[in-house]
Amino acid sequence: MQIRELKIPDSYEITPRQFGDDRGVFLEWYRFDHLEERLGHRLSIAQANTSVSKRGVVRGIHFADVPPSQAKYVTATRGAVLDFVIDIRVGSPTFGQWDSVLLDDVDRRAIYIAEGLGHCFVALTDDATVSYLVSAPFQAEREHGINPLDPDVALEFPDSAGELLLSPKDTDAPSLADAAASGLLPTWDAARAFYDSLATEGR
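This one's a predicted model, so the numbers in the text were calculated from it and none came from an experiment.

Student: What should I look at first to understand the overall build of the protein in this one?
Tutor: Counting its regular elements, the protein contains four helices and 13 strands. Over its C-alpha atoms the protein spans a radius of gyration of 16 Å, differing by no more than 12% from the 17 Å that the globule rule assigns to 203 residues. Its C-alpha atoms give the protein principal-axis dimensions of roughly 55 × 50 × 30 Å. For the protein, with 203 residues in total, the buried portion stands at 49%. Accessible surface for the protein amounts to roughly 9900 Å². Of this, 49% is attributable to carbon and sulfur atoms. Treating the 19 positive side-chain charges of the protein as one cloud and the 32 negative ones as another, the clouds have centres 5 Å apart.

In structure tokens, the structure reads:
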């Protein structure tokens, strides 16, 4: 597989090698050792999630308190989504910026999103099925959101998504600026310290 760091530090696009014949296709969509080599620590998987979304559904921007937050390894097993990683770590050199990866059932890419980063996607097809491996169990009291339509973040949703469909939870979420002003966001220093602790534990 090929692993490419995105423009947001601590996020990666993973492109697997596919082996196809007249029976179908085989691929490795997750390899802990290849990812560990790039991250400098092992991804400890504590929970696996699946979502199914109709075309136009937007999920996010979601994040969790650091520590432990949630690292995410995400792929689309059916259909297609445009997946966004947003740097919400106050003090980061790329704070407020984002990058995206097309996840679909053709190239079968995955995206890795480190703890403390924001995550969002928009479904480009009906029945878009997304699977997530995450490093910590869901804890509702530690989960937060930022409005994905915040003009200061300015996510670019493709026309192919059609009419956007958002949950009340996401439309009621604060802007990035309001979340920063209220102290809701993780900091760059806290995130780096947590990543360093993971590397130390793995030695």
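Student: How should I be thinking about the nonpolar core in this particular structure?
Tutor: Nonpolar side chains in soluble globular proteins generally cluster together in the buried interior. Of all hydrophobic cores here, the largest spans 34 residues; its most connected members are Ile-14, Tyr-73, Val-81, Val-85, Leu-103, Ile-111 and Tyr-112. With sequence-adjacent residues up to four places away left out, Tyr-112 is seen in contact with Asp-10, Ser-11, Tyr-12, Ile-14, Leu-35, Leu-39, His-41, Leu-43, Ala-71, Lys-72 and Tyr-73. Counting residues in hydrophobic clusters, the runner-up holds 20 residues, among them Leu-82, Ile-86, Ala-179 and Leu-185.

Student: Would you take a moment to explain the sheet that holds strand β12 (residues 128–134) for this structure?
Tutor: The strands making up a sheet are joined through hydrogen bonds of the backbone, oriented either antiparallel or parallel. Reading across from one edge, β1-β2-β10-β7-β12-β5 is the order of the six strands in this open sheet, with antiparallel pairing throughout. Each edge of the open sheet carries a strand with a single partner, namely β1 (2–5) and β5 (47–53). Within the sheet, the average angular offset between the axes of one strand and its neighbour, ignoring direction, is 20 degrees. Sheet topology places β5 next to β12; seven bridges connect them, and they run antiparallel.

Student: How should the pattern of salt bridges be read in this particular structure?
Tutor: Charged atoms that come close allow side chains of opposite charge to pair. A full pass over the atoms with the stated rule returns eleven salt bridges. The salt bridge partner of Glu-36 is Arg-42, with a shortest N-O separation of 3.5 Å. It is possible to trace a salt-bridge network through shared partners that takes in Arg-4, Glu-13, Asp-107 and Arg-109.

Student: Sorry, what's going on with the UniProt feature "active site" (unreviewed entry) in the protein here?
Tutor: The positions that UniProt labels "active site" (unreviewed entry) are, in the present scheme, His-62 and Tyr-132. A maximum C-alpha distance of 13.4 Å places the annotated residues, which cover 71 residues in sequence, within one compact spot. Position of His-62 relative to the elements: it lies in strand β6 (residues 58–64). Residues contacting His-62, with those up to four places away along its chain left out, are Lys-72, Leu-117, Gly-118, His-119, His-144, Gly-145 and Asp-170. In terms of polar contacts, His-62 uses its side chain to reach the backbone amide nitrogen of Gly-60, at 3.4 Å. Considering the arrangement of structural elements, one finds Tyr-132 in strand β12. If we ignore the near neighbours within four places in the chain, the residues touching Tyr-132 are Gln-47, Ala-48, Asn-49, Thr-50, Ser-51, Arg-59, Tyr-73, Val-74, His-119 and Phe-121.

Student: For this particular structure, what's the right way to read the sheet that holds strand β8 (residues 80–86)?
Tutor: Taken in spatial order, the five strands line up as β9-β8-β11-β6-β13 in an open sheet, and their pairing is antiparallel. The open sheet has two free edges, formed respectively by β9 (98–104) and β13 (143–145), since each of these has just one partner strand. Each adjacent strand pair in this sheet contributes to an overall mean axis angle of 25 degrees, direction not counted. Across six bridges, β8 lies against strand β11 (residues 118–123) in antiparallel orientation. In the sheet register, Ile-86 faces β11, and the bridge partner there is Gly-118.

Reading the values: the criteria
Residues numbered from 1 in each chain as written. Predicted model: local features only at pLDDT ≥ 70, side-chain atom pairs only at ≥ 80, totals over all residues. Heavy atoms only, no water. Helix = DSSP H or I, 4+ residues; strand = E, 2+ residues; numbered from the N terminus. Rg over C-alpha atoms; globule rule 2.2 N^0.38 Å. Buried < 20%, exposed > 50% of the residue type's maximum accessible area, 1.4 Å probe, protein only. Areas by Shrake-Rupley, 256 points an atom, 1.4 Å probe, with all protein chains shown as cover. Lys, Arg positive; Asp, Glu negative; His and termini not counted. Charge placed at Lys NZ, Arg CZ, Asp CG, Glu CD. Core = buried A, V, L, I, M, F, W, Y, C linked by side-chain atoms within 4.5 Å. Contact = heavy atoms within 4.5 Å. Pairing = 2+ DSSP bridges. Axes fitted to C-alpha atoms, helices over the stretch in contact; angles between N-to-C directions. Salt bridge = Lys/Arg side-chain N within 4 Å of Asp/Glu carboxyl O. UniProt positions renumbered as here; feature names shortened; annotations may be inferred. Polar contact = N/O pair within 3.5 Å; in protein donor to acceptor, adjacent residues only side chain to side chain.

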